[in-house]
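An overview of the molecular structure
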Amino acid sequence: MASHNKTTFLSSLSSGGAVSFFVGTAVGVLGTLIAVTVSSTSPPTSELAENIPKAADSKPKPAEKQTSGNVYEGYSPRDASARFSSVLNTPGALDDLDRLNDLIENAAKFDPEAAMEAASGIVDPARQRDVMRRVLRTWIVQDRDSAMAAIGAMENLALRADLTKFAIGTLAESNPAAAFALLKATPSLRDEDLWRESFSNWAKVDPAAAMAAWEGLTHPEERKDALRGIASALAKKDLNSAVAWARDLTNKDDRDSAVISVLHSAIEKNPLAAAENMALLKEVDSDRSREVASRIASKLAETDVPGALKWAEALPASQRDSALRSIAGNLMRFDPDEAEATINKIQDKDQRRDIYSDLARLHMTGDPKDAVKWIATLPAEDQSSAWRGAAYEWARSRPEDAAAFVLSGELDDSGRRQLIEATAEHWSRLEPESAATWASQLGGKEGREALARVVDEWSRKDPQTALGFIGNTATGEQVEDLTRRVVSRWSRDEPVEAANFALALAPSPVQESMMRDITQQWMENDSMAASQWVGSLDPGPARDSAISSLISRIERDDPEAAAQWAGTISDANAREETYKRLIRRLEKAE
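This report concerns the structure included in the present document. (Residues numbered from 1 in each chain as written. Predicted model: local features only at pLDDT ≥ 70, side-chain atom pairs only at ≥ 80, totals over all residues. Heavy atoms only, no water.)

Section: the overall build of the protein
Rules: Note on conventions: DSSP H or I runs of at least 4 residues are helices, E runs of at least 2 residues are strands, and numbering of each starts at the N terminus. Throughout, exposure labels follow a simple rule: accessible area from a 1.4 Å probe, protein chains only, divided by the maximum for the residue type, with under 20% read as buried, over 50% as exposed, and the rest as partly exposed. Contact definition: two residues touch when any of their heavy atoms are within 4.5 Å. Residue-level accessible areas treat just the shown protein chains as cover; the underlying method is Shrake-Rupley with a 1.4 Å probe.
Broken down by element type, the protein carries 35 helices and zero strands. Out of the 590 residues in the protein, the part that is buried amounts to 46%. The long-range fraction of contacts in the protein, counting pairs at least 24 apart against all pairs at least 6 apart in sequence, stands at 59%. For the protein, the accessible area works out to roughly 30300 Å², and carbon and sulfur atoms hold 48% of it.

Re the nonpolar core
Just so we agree on the cut-off: In this text, buried Ala, Val, Leu, Ile, Met, Phe, Trp, Tyr and Cys residues form a nonpolar core when linked through side-chain atoms within 4.5 Å.
One finds Phe199, Trp245, Ile296, Trp311, Ile327, Trp438 and Trp533 to be the most contacted residues of the largest nonpolar core, which totals 160 residues. When residues in this core are grouped by element, the largest group, eight residues, is from helix α9 (residues 157–174).

As for the side chain of Arg223
The line we're drawing: Any pair of N or O atoms that falls within 3.5 Å is considered a polar contact. Within protein, one atom must be able to donate a hydrogen and the other to accept it, and sequence-neighbouring residues count only if both atoms are side-chain atoms.
Inspection of the secondary structure assignment puts Arg223 in helix α13 (residues 220–237). Using a relative accessible area of 18% as the deciding quantity, one classes Arg223 as buried. A polar atom in the side chain of Arg223 sits 3.2 Å from the backbone oxygen of Leu217. Setting aside anything within four residues of it in sequence, one finds Arg223 in contact with Trp214, Glu215, Leu217, Thr218 and Asp254.

Regarding the packing of helix α21 (residues 349–364) against helix α23 (residues 380–397)
How we decide: A fitted line through C-alpha atoms represents every axis, and for helices the fit uses only the stretch in contact; the resulting angles, taken between N-to-C directions, go from 0 to 180 degrees. If you view the pair so one helix is near and one far, a crossing is left-handed when the near helix is turned anticlockwise from the far one by less than a right angle, and right-handed when it is turned clockwise. Any residue that is not Ala, Val, Leu, Ile, Met, Phe, Trp, Tyr, Cys, Pro, Asp, Glu, Lys or Arg is counted as polar, Gly included; the first ten are nonpolar and the last four charged.
Where α21 contacts α23, the two axes come as close as 7 Å, and the packing angle between them is 40°. Relative to α23, α21 is oriented so that their crossing is right-handed. Taking contact as the criterion, the partners of Lys349, Arg352, Arg353, Asp354, Tyr356, Ser357, Ala360, Arg361 and Met364 in α21 are, on α23, Glu381, Asp382, Ser385, Ala386, Arg388, Gly389, Ala390, Tyr392, Glu393, Trp394 and Arg396. Here the contact of α21 with α23 is composed, by residue class, of seven nonpolar, three polar and 10 charged.

A look at the pattern of salt bridges
Under the convention used in this document: By convention in these notes, a salt bridge is any Lys or Arg side-chain nitrogen within 4 Å of a carboxyl oxygen on Asp or Glu.
Counted under the stated rule, the structure contains 39 salt bridges. Between Asp225 and Arg190 there is a salt bridge; the shortest N-O distance is 2.9 Å. Residue Asp225 is found in helix α13, and its partner Arg190 is found in the loop between α10 (176–185) and α11 (192–205); the two are separated by 35 residues along the sequence. The class of Asp225 is buried, set by a relative accessible area of 0%. Put simply, Asp350 and Arg353 hold a salt bridge, and the shortest N to O gap is 3.3 Å. Of this pair, Asp350 and Arg353 both sit in helix α21, three residues apart, which is roughly one turn of the helix. On the basis of relative accessible area, Arg353 is assigned to the partly exposed category, the value being 32%. Counted as one network, the salt bridges with shared partners bring together Glu268, Arg295, Lys299 and Glu302.

Observations concerning the packing of aromatic side chains
To keep things clear, this is the line we draw: The aromatic pairing rule takes the rings of Phe, Tyr and Trp, using the six-membered ring of Trp, and pairs them if the centres are within 6.5 Å, calling planes under 30 degrees apart stacked, those over 60 edge-to-face and the rest tilted. Sitting over a ring, as applied to charges here, requires NZ of Lys or CZ of Arg to be within 6 Å of the ring centre and within 35 degrees of the ring normal.
Under the definition given, this model contains 11 aromatic pairs. Ring centres of Phe180 and Phe199 lie 5.3 Å apart, and the angle between their planes is 80°; this geometry places the pair in the edge-to-face category. Of this pair, Phe180 sits in helix α10 while Phe199 sits in helix α11; the two residues are 19 residues apart in sequence, bridging distant segments of the chain. Take Phe180 and Phe199: they sit in the same class, and that class is buried. Look at Trp195 and Phe199: their rings are 6.2 Å apart centre to centre, the planes differ by 10°, and that puts the pair in the stacked class. Pair noted here: Trp195 and Phe199 are both in helix α11, with a separation of four residues, about one helical turn. Each of the two residues, Trp195 as well as Phe199, counts as buried. Three or more aromatic residues joined by ring pairs form one cluster here, namely Phe180, Trp195, Phe199 and Trp202. Sitting above the plane of the Trp214 ring, Arg223 keeps its charged end 4.5 Å from the centroid.

Okay, here's the thing in structure tokens:
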């Protein structure tokens, strides 16, 4: 909105005025790059004379069939960017990755903008993203301003976010200071890994500059992530110096965070030294301090279980339980009884719950009935935790047996509920129709919930068959609920097909809900295609529902486009309410 008067804009919204909005079409002609085509495998005329052998055989040779391999031959680097466009349209070219990678590298070196433009013509979204990333790997290092400008001009919001993250991550490897500048210039991208990686790489080559940049940060999350990166780099270089640096930080939160990061980095190479320095964290009770204690204990237990137990039991309570849990996990691999004895030393219920779940999974790899009897011997408060792991393993490895045991009625409420959930989830991946039939036999609330789980998984692989089963088996409100779930999941992978199904339904609140779900999913994956589809719909409640979902996706980043879309809502009340919401958002932003 930099080029528009916000007051005028707000005024136009409040008066209900909004220009009609037409969805932009797909990317147009790609210029001279796309115009180049390869009609045969013969080299260009200017190169033909150079390629004629001096002692040519007068006997004519049959024309060589064009393939994704030979189409690359004879291309000079000077022509790489133009050839790139043509090769993308050659059958099988995208499968010939080695040759394609070489061509991409040349295209990116000599004309990255044209190479990126050519890549935009790839229809498959995953492959398009992969090719664009390969172009950016070179371009962002050569000319980061132009590369970032090209990314910023992309209409597909999901692709723009992905490539922004990839570009900054690539730059962090070779020019971390520049990566830091881009992170500061892109506040909408909050990625803790990028911050850590940039400052870690920076501290390796210029620790003073990295520390100075960190000290200038004001955002608490950015400071925390940058500090972790610096601490990790210093620890890998010299543990003692890194510990001394961390201890000298004046702010307690910074000091604790730096010490934890230093010890994290030291564990693999020097767990004993990390264990000795845990005393620095004796007053720190946090997830990260407990994680450090857990990792150190696990590493020590690999070579000295008694020593690891002795060290762990001397720690403060919360760190102690985390360390004991980790040691119990190690013992489970070769001594389940000793593992159970160690678990019983853990005081924290949550820590004990998680490890009991793991131990129950181990028991369930034997005879399931023996595992069920063992769970019954545990304290009541631990049985539910054990059933979580046991149910997962039973349903994963023998879902039909688990399903039959549920129907036998031999389980208490806790074990039954967890086994039903796990069986529905796992069996539906293997035999969804059998799992759905079983879920329908359960009846009641648990049957409805189990069938919903089965349908969610089934719709990933075969949504149309799942819809057929629902129509023949489900009753009442469950038909609408399950159908909506299938269509929502379907739209993630095949939005056009899901949309056609929803549009074929009679107008109803269920159809409107489906249209919202489809638009939301589609906007996340391909905002341009989704916008074009919404714009093509006939006026009415279904289209209004789709527009509402589209607006909610774009209103923060592009409020003017959101207002234009709002002007196309056919229902006057819904249109007015949408305008009011957009105005409130803009006023709040001011």
